[in-house]
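Here's the letter readout for the chains.
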Amino acid sequence: MSRYIIEGGNPLEGSIDVKAAKNSVLPLLAACILTEDKVTLRNCPDISDITNMLKIMINIGCVVERDDMGNITVDSSDIYCGEVPCVLAKELRSSIFLMGPMLSRVKKAKISYPGGCEIGMRPIDIHLSGLRELNIDINEEYGYLDCDASKAEAAQIVLDLPSVGATENLMMASVFLEGKTVLRNCAKEPEIADLQNFLNLMGAKISGAGSSVIVIEGVKKLHGVEYTPIPDRIIAGTYIIAAAMCSGNVELRGVVPEHIYSLIAKLSKTACKIYCKNDKIIVKSKGRLRSLDRIDTMYYPGFPTDMQTQMLALQTISKGTSVIVENIFETRYKTVPEFKKMGADITVRDRTAIVRGVSRLKGAEVCATDLRGGASLVLAGLAAEGITEVKDIYHIDRGYEDMSRVLAELGAKIERSS
Ligand code: EPZ
């Protein structure tokens, strides 16, 4: 199994071009099956979550072309079934995004319950209750969801909580339903607005994304489009924190500062200098930063849960004590024991982590347990004294394209070894 070998202590200097957001490309790929025309997505990162999503789409009859410039073209003129095989669905939670588009396109879908994962149960009750309110018949048996949308109709739906995936799924499930479907208590993440823009360019009539009320007016059909999804705010945030931890001077290019303003606001309180100009963010950091008193993960535009472990890594070497509260997922502290192997002083009680900053972490052999936790261990290794070995980096490959190359180009001593 591949691992990263890191020798900590080098400052980071240089610039990074940020590619399209994983959490936008995945629902947009699912939305490609809403039209028989060809659809092209541009500037997509080469990461395994996208590779696995494409495998699932090929399995239901899509023809996919992918070049080494990040362009992905999907032709779903011949999708022949609405069934996602269990083995593939288990591999990728985002297969659940295919339910809405499949029900809209072929009026049926058979998909296995997506697995939970390292950060929590990841239920889909809000997806299912919303689909049922659209008069979609859903049979749950033997771990499969067998859905029939032949009698689906527009409806007024209130989501129990602002779930990103459920908001996206219900938008795609109602795009052809005659009349107006109104979704309330929607997620407001930038990826939702990206999906609305993409679908409207294809001929849909959707409004309200970014607010808690989204209105979908049914249309007859959608046409093909070429589209560049929004940049990845979590990738940008991860490398911003890397620079903050390593006395860096790093420029992120092709980003939307507004999408990570909650992180920028927090870091500005730690003596890290951050400058935003159009689609660039420059981070300048020198020496040990001040701890942040408290960080609460919240729904957008609050502090993102996907940046929690990266921020925790920074707090382990900041000056002072920090309290982090994870309000979105129930078990997003699985990386804490690994940080402790490096000398971090962290106490976890339920959803709260108390972090007492130490002057320096020590290199150690650690294991990635999930995508963002794995990336955060790399950040800790970059700042630590000595050698850190991060194992099970397939977790990181799910969302970070060639992380070691990106960091080595900034001056980090990191290599990937199998
Ligand atoms: C999306 O997951 C992202 N993934 C996650 O990013 C991100 O952490 C999450 O949104 C929150 O921002 C993609 O977009 C592919 P949710 P999603 O539904 O849609 C509960 C990463 O690292 N919930 O907004 O699955 C759920 O348990 C990943 O890139 C229900 O209870 O998240 C959680 O506590 C990790 N019932 C909360 O809502 C449901 O039916 C938010 O989940 C659905 C969700």
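Parameters at a glance
- Residues numbered from 1 in each chain as written.
- Predicted model: local features only at pLDDT ≥ 70, side-chain atom pairs only at ≥ 80, totals over all residues.
- Heavy atoms only, no water.
- Patch = residues over 30% accessible without salt bridge, like charges linked within 9 Å, V, L, I, M, F, W, Y side chains within 5 Å.
- Areas by Shrake-Rupley, 256 points an atom, 1.4 Å probe, with all protein chains shown as cover.
- Salt bridge = Lys/Arg side-chain N within 4 Å of Asp/Glu carboxyl O.
- Lys, Arg positive; Asp, Glu negative; His and termini not counted.
- Charge placed at Lys NZ, Arg CZ, Asp CG, Glu CD.
- Helix = DSSP H or I, 4+ residues; strand = E, 2+ residues; numbered from the N terminus.
- Buried < 20%, exposed > 50% of the residue type's maximum accessible area, 1.4 Å probe, protein only.
- Near = heavy atom within 4 Å.
- Polar contact = N/O pair within 3.5 Å; in protein donor to acceptor, adjacent residues only side chain to side chain.
- Contact = heavy atoms within 4.5 Å.
- Pairing = 2+ DSSP bridges.
- Axes fitted to C-alpha atoms, helices over the stretch in contact; angles between N-to-C directions.

Asker: Please give an account of a negative patch on the surface that cites residues and values.
Answerer: On the surface, D137, E141, D146 and D148 cluster together into a negatively charged patch. Within the residue set of the negative patch, elements represented by two or more residues are β8 (137–141) and β9 (144–148). Relative to the helices and strands, E141 resides in strand β8. Given the relative accessible area of 40%, E141 is considered partly exposed.

Asker: So what's going on with helix α6 (residues 164–173)? Residues and values would help.
Answerer: Counting buried positions along α6 yields 9 of 10 residues, so the element is predominantly enclosed. Turning to α6, its buried residues are G165, A166, T167, E168, N169, L170, M171, M172 and A173.

Asker: Just give me the short version of the site of the ligand, but keep the residues and values in it.
Answerer: Around the ligand sit 23 residues, and of these D125, I126, S163, D306 and I328 come closest. Separating an oxygen atom of the ligand from a side-chain N or O atom of K22 is a distance of 3.0 Å. I328 is positioned with one of its backbone polar atoms (N or O) 2.6 Å from an oxygen atom of the ligand. In isolation the ligand offers 820 Å² of accessible surface; the protein chains occlude 91% of this area. Broken down by secondary-structure element, the contributors of at least two residues to the shell around the ligand are α1 (22–31), α5 (125–133), α6 and α12 (371–383). It is α5 that provides the largest number of residues to the shell around the ligand, a total of 3 residues.

Asker: Explain the environment of I235 to me, using residue names and the numbers behind them.
Answerer: On the secondary structure map, I235 appears in helix α8 (residues 233–245). Separated by 72 residues in sequence, I235 and M307 have C-alpha atoms that sit 9.3 Å apart. In this structure I235 touches R372, G399 and Y400, once residues within four positions along its chain are discounted.

Asker: Please set out the sheet that holds strand β21 (residues 352–356) residue by residue, giving values where relevant.
Answerer: Strand pairing in a sheet relies on backbone hydrogen bonds. The paired strands run either parallel or antiparallel. Read from one edge of the open sheet, 4 strands run β18-β19-β21-β20, paired in mixed fashion. Edge strands, defined here as strands with exactly one partner in the open sheet, are β18 (294–296) and β20 (345–349). When strand polarity is set aside, the average angle formed by the axes of neighbouring strands in this sheet is 15 degrees. In this sheet, strand β19 (residues 321–325) lies alongside β18 in parallel orientation, the contact comprising 3 bridges. Considered in β19, the bridge of D296 is made with V325. Lying on the sheet, helix α10 (residues 308–316) is in contact with β18, β19, β20 and β21; it crosses β21 at an angle near 30 degrees.

Asker: Give me the lowdown on unusual backbone geometry, citing residues and values where you can.
Answerer: A cis amide bond links Y300 with the next residue in sequence, P301, at an omega value of 10 degrees. Here P301 lies in the loop between β18 and α10. Despite not being glycine, Y142 shows a phi value in the positive range, around 50 degrees. Take Y142: it is sitting in the loop between β8 and β9. By relative accessible area, which is 79% here, Y142 ends up exposed.

Asker: Tell me what's going on with the sheet that holds strand β2 (residues 13–17), and back it up with residues and numbers.
Answerer: Reading across from one edge, β2-β15-β17-β16 is the order of the 4 strands in this open sheet, with mixed pairing throughout. On the outer flanks of this sheet lie β2 and β16 (273–277), each paired with one strand and no other. Put simply, the sheet's adjacent strands are angled 15 degrees from each other on average, direction ignored. Pairing analysis gives 5 bridges linking β16 to strand β17 (residues 280–284), with the strands arranged antiparallel. Paired with K277 across the bridge in β17 is K280. Packing of α8 onto the sheet brings it into contact with β2, β15 (249–253), β16 and β17, and relative to β15 it is tilted by some 170 degrees.

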